[in-house]
Amino acid sequence: HSSQSVNMLLRRSNLARSLAPRPWRQIVPAKRRLSALPDTPPASDAHANINDDLVMNRRDLDFILYEVENVEALCQTERYQHCDRATFDAALDAAHQLAHSHFHQYNAKGDRHPPQYCQETDTLTLLPEHVAAHRAYSDAGFLTTSMDAEVGGSQMPVAVSGAVGLHFSSANAGFSAHFALNVGAAKILQHHGTDEQRAHVLPKLLSGEWCGTMCLSETHAGSSLTDIRTTAHPQPDGTYKIRGNKMWITAAENNFGGTIVHMVLAKLPGAPAGTKGISLFLVPKHALSFSEEGVSLGERNDVRLGGLNHKMGQTASVNAGELLFGEATGGA
């Protein structure tokens with residue numbers, strides 16, 4: 001009887017939302033809004049379809065978020081007082097629409113046509129549909145759902161942001177893996193970057209114009225960070241030359257345009273042994289030039305793919321079998 005009562009409540013909730021849809025752009029009071037999706041609300045039977053489709057069972061998701069986790073209670077806190085259930089529902093609705101239109105229907109095609117890398121020209125090619133999906137996801141603002149409002153984010157609870165992202169990993173697990181790296185790199189810069197990086201690089205990552213990675217593991221040691229050998233040598237101008245290789249790097253290359261910001265673990269000369277001697281460096285695919293007008297891209301940096309991993313699953317993701325730093329010039 002209790003499960004029947006819960007299902008009845010959920011059906012009533014879904015009916016209420018379908019009768020009174022609220023456009024996403026009207027209810028997210030953050031600087032950056034998920035406003036790139038069509039203004040037309042979902043069809044009246046959208047929630048009925050959501051409960052049975054292959055991307056997400058919305059009834060189950062609502063039950064977890066609102067009945068089990070009670071995420072609405074977070075709206076009473078100072079950090080999330082700009083949110084309400086309508087805010088959360090609109091984000092979930094928008095994610096569901098985009099996951100269907102740009103991710104799910106190309107999932108199988110991505111398995112049949114994985115990214116192609118040409119070592120002679122040092123170029124990587126993804127499916128045109130995946131390039132379009134990256135742009136649509138970025139333009140819709142999904143890179144910013146959990147980011148602070150002060151940097152242009154929607155500042156939603158992590159539980160809701162995770163539920164939003166779950167639509168895309170469910171619709172296309174391989175390709176959707178790229179986006180988490182942007183968010184991770186952006187959060188690093190927000191909390192630990194220089195003023196120039198926060199002012200000019202961070203917005204590029206959050207808009208999806210540029211991409212990010214995290215480079216930890218190495219071919220000789222796997223994920224044993226104690227044993228990494230990548231080095232960072234100080235230069236007179238205050239920068240560092242990075243030399244070494246990394247492996248298993250998701251989103252290591254793309255043809256989205258812009259550039260890639262690699263977050264690289266390396267050791268300075270004379271650094272202590274073990275993990276205490278590790279530092280983190282921002283290594284861009286292209287040289288960055290900062291000015292009062294912003295940041296511009298210079299010549300190509302010495303960061304190259306050594307090859308791609310050919311995995312049994314998630315073949316739509318770009319995963320570097322080896323990412324080489326400073327192989328040609330002695331330092332990236």
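Model, not experiment: these values are computed from the prediction.

### What about the overall build of the chain?
Here is step 1 of the chain: Counting its secondary structure elements, the chain contains ten helices and twelve strands.
Here is step 2 of the chain: Sequence-distant contacts, at least 24 apart, represent 67% of the contacts inside the chain between residues at least 6 apart.
Here is step 3 of the chain: When the accessible area of the chain is evaluated, it comes to approximately 16000 Å², of which 51% is carbon and sulfur surface.

### Quick look at helix α7 (residues 128-139)
Here is step 1 of the chain: If you check α7, its first and last C-alpha atoms are 16 Å apart, about what twelve residues at 1.5 Å a residue would give, namely 16 Å.
Here is step 2 of the chain: Contacts made by the buried residues of α7 are with α5 (85-103), α6 (107-112), α8 (158-171), α9 (173-192), α10 (195-207) and β3 (211-215).
Here is step 3 of the chain: Two residues or fewer after α7 comes Gly141, characterised by a positive phi angle close to 85°.

### Some remarks on α5
Here is step 1 of the chain: Between its first and last C-alpha, α5 extends 26 Å over 19 residues, near the 27 Å set by a 1.5 Å rise per residue.
Here is step 2 of the chain: Summarising burial for α5: 14 of the 19 residues are buried, a large majority.

### Looking at a nonpolar patch on the surface
Here is step 1 of the chain: On the surface, Phe63, Ile64 and Val68 cluster together into a nonpolar patch covering about 250 Å² of accessible area.
Here is step 2 of the chain: Within the secondary structure, Ile64 sits in helix α4 (residues 58-68).

### Overview of the pairing of β3
Here is step 1 of the chain: With four of its five residues buried, β3 lies for the most part within the structure.
Here is step 2 of the chain: Two strands pair when backbone bridges link them, and β3 and strand β7 (residues 260-267) are joined in this way by five bridges, in the parallel orientation. If you follow Cys211 over to β7, its bridge partner there is Ile260.

### What to know about the packing of α5 against α8
The axes of two packed helices give the description: the angle between them and the distance between them.
Here is step 1 of the chain: Relative orientation of the contacting elements α5 and α8 amounts to 15°, with a least axis distance of 9 Å. As the angle between them shows, α5 and α8 are arranged roughly parallel. Note on packing geometry: the crossing formed by α5 with α8 is right-handed. For the pair formed by α5 and α8, the contact residues are Phe88, Ala91, Leu92, Ala95, His96, Leu98, Ala99 and Phe103 on the first element and Val160, Ala163, Val164, His167, Phe168 and Ala171 on the second.
Here is step 2 of the chain: Across the contact of α5 with α8, the residue classes break down as twelve nonpolar, two polar and no charged.

### With respect to the environment of Thr125
Here is step 1 of the chain: Mapped onto the secondary structure, Thr125 falls in strand β2 (residues 123-125).
Here is step 2 of the chain: The spatial distance from the C-alpha of Thr125 to the C-alpha of Asn254 is 6.7 Å, given a sequence separation of 129 residues.
Here is step 3 of the chain: In contact with Thr125, other than residues within four places in its own chain, are Pro115, Gln116 and Asn255.

### Some words on the nonpolar core
As a rule of thumb, nonpolar side chains are buried together in soluble globular proteins.
Here is step 1 of the chain: Counting residues in hydrophobic clusters, the biggest one holds 68 residues, and the most contacted among them are Phe103, Phe142, Phe168, Leu323 and Phe325.
Here is step 2 of the chain: Ignoring sequence-local partners within four residues, the contact set of Phe325 consists of Cys215, Ile242, Arg243, Gly244, Lys246, His262, Val264, Val283, Asp302, Val303 and Ala332.

### Some remarks on the side chain of Lys267
Here is step 1 of the chain: You can see Lys267 is positioned in strand β7.
Here is step 2 of the chain: In this structure Lys267 is buried but unpaired, with Asp227 as the nearest side chain of opposite charge at 6.9 Å.
Here is step 3 of the chain: At a separation of 3.4 Å, a polar atom in the side chain of Lys267 contacts the main-chain carbonyl oxygen of Thr226.
Here is step 4 of the chain: With near-sequence residues (within four places) excluded, Lys267 lies in contact with Thr226, Ile228, Thr230, Thr231, Ala232, Pro272, Ala273, Gly274, Gly277 and Ile278.

### So, the pairing of strand β10 (residues 294-300)
Here is step 1 of the chain: Pairing of strand β9 (residues 286-291) with β10 involves five bridges; the strand directions are antiparallel. Along β10, the bridge assignment pairs His286 with Arg300.
Here is step 2 of the chain: Linking β9 to β10, which pair antiparallel, is a turn of two residues.

Thresholds applied
Residues numbered from 1 in each chain as written. Predicted model: local features only at pLDDT ≥ 70, side-chain atom pairs only at ≥ 80, totals over all residues. Heavy atoms only, no water. Helix = DSSP H or I, 4+ residues; strand = E, 2+ residues; numbered from the N terminus. Contact = heavy atoms within 4.5 Å. Areas by Shrake-Rupley, 256 points an atom, 1.4 Å probe, with all protein chains shown as cover. Expected span 1.5 Å × (residues − 1). Buried < 20%, exposed > 50% of the residue type's maximum accessible area, 1.4 Å probe, protein only. Patch = residues over 30% accessible without salt bridge, like charges linked within 9 Å, V, L, I, M, F, W, Y side chains within 5 Å. Salt bridge = Lys/Arg side-chain N within 4 Å of Asp/Glu carboxyl O. Pairing = 2+ DSSP bridges. Axes fitted to C-alpha atoms, helices over the stretch in contact; angles between N-to-C directions. Parallel < 35°, antiparallel > 145°, perpendicular 65-115°, else oblique. Left-handed = near helix turned anticlockwise from the far one by under 90°. Nonpolar A, V, L, I, M, F, W, Y, C, P; charged D, E, K, R; others polar. Core = buried A, V, L, I, M, F, W, Y, C linked by side-chain atoms within 4.5 Å. Lys, Arg positive; Asp, Glu negative; His and termini not counted. Polar contact = N/O pair within 3.5 Å; in protein donor to acceptor, adjacent residues only side chain to side chain.

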